[in-house]
Amino acid sequence: MKDAHMPINIAIIGVGNCASSLVQGLTHYTGRNDATGLMHHSLAGYRPDDIRVVAAWDIDARKVGRDVAQAIFALPNCTAVFAPEVPDTGAVVRMGRILDGVAEHMADHPEARTFVPADEPEPTREDVVAALRDAGVDVLMNYLPVGSQKATEFYAECALEAGVAFVNNIPVFIASDPAWAERFQRAGVPIIGDDIKAQLGATIVHRVLTDLFHKRGVKLCRTYQLNTGGNTDFLNMANRKRLESKKISKTEAVQSVAAERMTDDNIHIGPSDYVAWQNDNKVCFLRMEGELFGGVPMNLELRLSVEDSPNSAGVAIDMIRCAAIARDRGLAGPVIAPAAYFCKHPPEQMTDDEAHEAVEAFIADARAVAVPLP
């Protein structure tokens, strides 16, 4: 069991905007007692400045071969720079496996906005596993583009073989897939996923309002959530074929807290459009139509504007620390409470109040368990 004062060594797959915000955040919170923006300043003895980036993979020529501290500011990243002086990590970005990580339509856009695949040999599974072991990685963070099913499965296999905890931040179903869950359980490796839920983003706001309708006896008849943004995530999702799991993840996150499931015709949740000039700013347009006492109609409209990637970074810091304590405690398979609180598509959905209580109990209770084998 690792001492709570020892660093948590992490590796990053995909050094994009979300990784940039995470790494900047590790610098920003180092030596600070100010917990603004964090759900937990100290989590089971771990603080944000206990996290170390020791390895990373990407496929972009502007990032491969550079220290993570420089790569996080390279194009096409466009998120807010709130910690401009990130010290070198000593971790040089390695060439990753492309597989289905780059959609064909990305090649039709200017280089400043899209991926530029490096002309470097792609690693084998053995290469990645050896790198994870050599770097002493505790937690592997998956930040691949939405729709990267084969690429995510490749790195999940690497985590299993290396015995490294896996945090799946994207809507490719690994932790919530029973077959993969059992594999992680049998390998003795913890996993938290799937699809990170931002700190105060469209999904959490939509969920809380849906739960509020339920608790106040208001029937939710129909709803939509439309989102626009200008980062590579939105550009990647302009290919609707890559959106199937994303739409399922976001829709189920809302349906799971509704008093009654809405028919498919009455709920629409998903990315709407790519607007280049928005960069990493995400705008959500939310509408909810319901019935009050006596069947009297009402509706609610909300516009939410957030910087997309920093909105997930504080959650990622908690996921890293929960994955580390799960590993410290010898847990295996999907770790239910953190997944329910931090993810849109966990193995077990809970209301946010229930998930908050469960994750606090998990953090406090050394006897907390992961999902049992079927």
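Residues numbered from 1 in each chain as written. Predicted model: local features only at pLDDT ≥ 70, side-chain atom pairs only at ≥ 80, totals over all residues. Heavy atoms only, no water.

1. Considerations on the overall build of the protein
- Counting its secondary structure elements, the protein contains eleven helices and eleven strands.
- For 374 residues, the compact-globule formula gives about 21 Å, and the C-alpha radius of gyration of the protein, at 20 Å, lands near that figure.
- Expressed as lengths along the three principal axes of its C-alpha atoms, the size of the protein is roughly 65 × 50 × 40 Å.
- The proportion of buried residues among the 374 residues of the protein is 57%.
- Taking all contacts inside the protein whose residues are at least 6 apart in sequence as the whole, residues at least 24 apart take part in 78%.
- Carbon together with sulfur atoms contributes 52% to the accessible area of the protein, which is approximately 15600 Å² in total. (Helix = DSSP H or I, 4+ residues; strand = E, 2+ residues; numbered from the N terminus. Rg over C-alpha atoms; globule rule 2.2 N^0.38 Å. Buried < 20%, exposed > 50% of the residue type's maximum accessible area, 1.4 Å probe, protein only. Contact = heavy atoms within 4.5 Å. Areas by Shrake-Rupley, 256 points an atom, 1.4 Å probe, with all protein chains shown as cover.)

2. A few points about the pattern of salt bridges
- Applying the stated rule across the entire model yields 19 salt bridges.
- Across the pair Glu 157 and Arg 183 runs a salt bridge whose closest N-O atoms are separated by 2.8 Å. Taken as a pair, Glu 157 in helix α4 (residues 149-162) and Arg 183 in helix α5 (residues 178-187) lie far apart in primary sequence, 26 residues in all. (Salt bridge = Lys/Arg side-chain N within 4 Å of Asp/Glu carboxyl O.)

3. Quick look at the nonpolar core
- Counting 53 residues, the largest nonpolar core has Ile 10 and Phe 362 as its most contacted members.
- Per element, the largest residue contribution to this core is ten residues, and it comes from helix α9 (residues 310-328).
- Counting 29 residues, the second-largest nonpolar core is a separate cluster that includes Val 129, Val 164, Phe 166 and Val 189. (Core = buried A, V, L, I, M, F, W, Y, C linked by side-chain atoms within 4.5 Å.)

4. Here's the deal with the packing of aromatic side chains
- Tallied over the full model, the rule gives five aromatic pairs.
- Look at Trp 57 and Tyr 155: their rings are 6.4 Å apart centre to centre, the planes differ by 55 degrees, and that puts the pair in the tilted class. Residue Trp 57 is located in strand β2 (residues 51-58), and its partner Tyr 155 is located in helix α4; the two are separated by 98 residues in the primary sequence. For the residue pair Trp 57 and Tyr 155, the accessibility class agrees, reading buried in each case.
- Taken together, a centroid distance of 5.0 Å and an interplanar angle of 80 degrees make the contact between Phe 154 and Tyr 155 edge-to-face. With respect to class, Phe 154 is no different from Tyr 155; both count as buried.
- Among the aromatic residues, those joined into a ring-pair cluster are Trp 57, Phe 154 and Tyr 155. (Phe/Tyr/Trp six-rings, centres within 6.5 Å; stacked < 30°, edge-to-face > 60°.)

5. Focus: the sheet that holds strand β1 (residues 8-13)
- Read across the sheet, seven strands follow the order β3-β2-β1-β4-β5-β6-β11 without closing on themselves; strand pairing throughout is parallel. Because the sheet does not close on itself, it has two edges, and the strands there are β3 (93-95) and β11 (333-334).
- Looking at chain direction, β1 and β2 are connected through six bridges and run parallel. Among the inter-strand pairings, Asn 9 is bridged to a residue of β2, identified as Arg 52. (Pairing = 2+ DSSP bridges.)

6. A closer look at a nonpolar patch on the surface
- Where nonpolar side chains cluster on the molecular surface, the patch consists of Leu 292, Phe 293 and Val 296 and spans about 350 Å² of accessible area.
- Examined against the element boundaries, Phe 293 turns out to sit in the loop between β9 (281-291) and β10 (297-307).
- A relative accessible area of 82% places Phe 293 in the exposed class. (Patch = residues over 30% accessible without salt bridge, like charges linked within 9 Å, V, L, I, M, F, W, Y side chains within 5 Å.)

7. As for the pairing of β10
- With eleven bridges connecting them, β9 and β10 associate as antiparallel partners. Directly across from Glu 289, in β10, lies its bridge partner Asn 299.
- Between the antiparallel neighbours β9 and β10 lie five residues, among them Gly 294 with a positive phi of about 75 degrees.

8. Observations regarding the environment of Ala 83
- Mapping Ala 83 onto the fold places it in the loop between α2 (68-71) and β3.
- Assessed through its relative accessible area of 7%, Ala 83 is described here as buried.
- Placed 60 residues apart in sequence, Ala 83 and Val 23 show a C-alpha to C-alpha distance of 9.0 Å.

9. Brief notes about the sheet that holds β10
- Read across the open sheet, the four strands follow the order β8-β7-β9-β10; overall the sheet is mixed. Among the strands making up the open sheet, the edge pair consists of β8 (267-274) and β10. Averaged over all pairs of adjacent strands, the angle between their axes in this sheet comes to 10 degrees, without regard to strand direction.
- Judged from the ten bridges that link them, strand β7 (residues 219-229) and β9 form a sheet pairing that is antiparallel. Bridging across to β9, Gly 229 finds its partner in Lys 282. (Axes fitted to C-alpha atoms, helices over the stretch in contact; angles between N-to-C directions.)

10. What to know about the UniProt feature "domain: Myo-inositol-1-phosphate synthase GAPDH-like" (unreviewed entry) in the protein
- UniProt tags residues 201-309 as "domain: Myo-inositol-1-phosphate synthase GAPDH-like" (unreviewed entry).
- From the first C-alpha to the last, residues 201-309 spans 10 Å; its make-up is 28% helix and 38% strand. (UniProt positions renumbered as here; feature names shortened; annotations may be inferred.)

11. Structural notes on the pairing of β2
- Along β2, six of the eight residues are buried, which leaves the element largely enclosed by surrounding structure.
- Following the chain from β1 across helix α1 (residues 17-28) to the adjacent parallel β2, one finds a crossover that is right-handed.
- For β2 and β3, the ladder comprises three bridges, and the chain directions are parallel. Bridged to Ala 56 within β3 is Val 93. (Right-handed = clockwise from strand over helix to strand, strands pointing away.)

12. Here we look at helix α8 (residues 244-255)
- Spanning twelve residues, α8 covers 16 Å between terminal C-alpha atoms, matching the ideal 16 Å at 1.5 Å per step.
- Burial in α8 covers these residues: Ser 245, Lys 246, Ser 249, Lys 250, Thr 251, Ala 253, Val 254 and Gln 255.
- Lining the buried residues of α8 we find α6 (202-215), β7, β8 and β9. (Expected span 1.5 Å × (residues − 1).)

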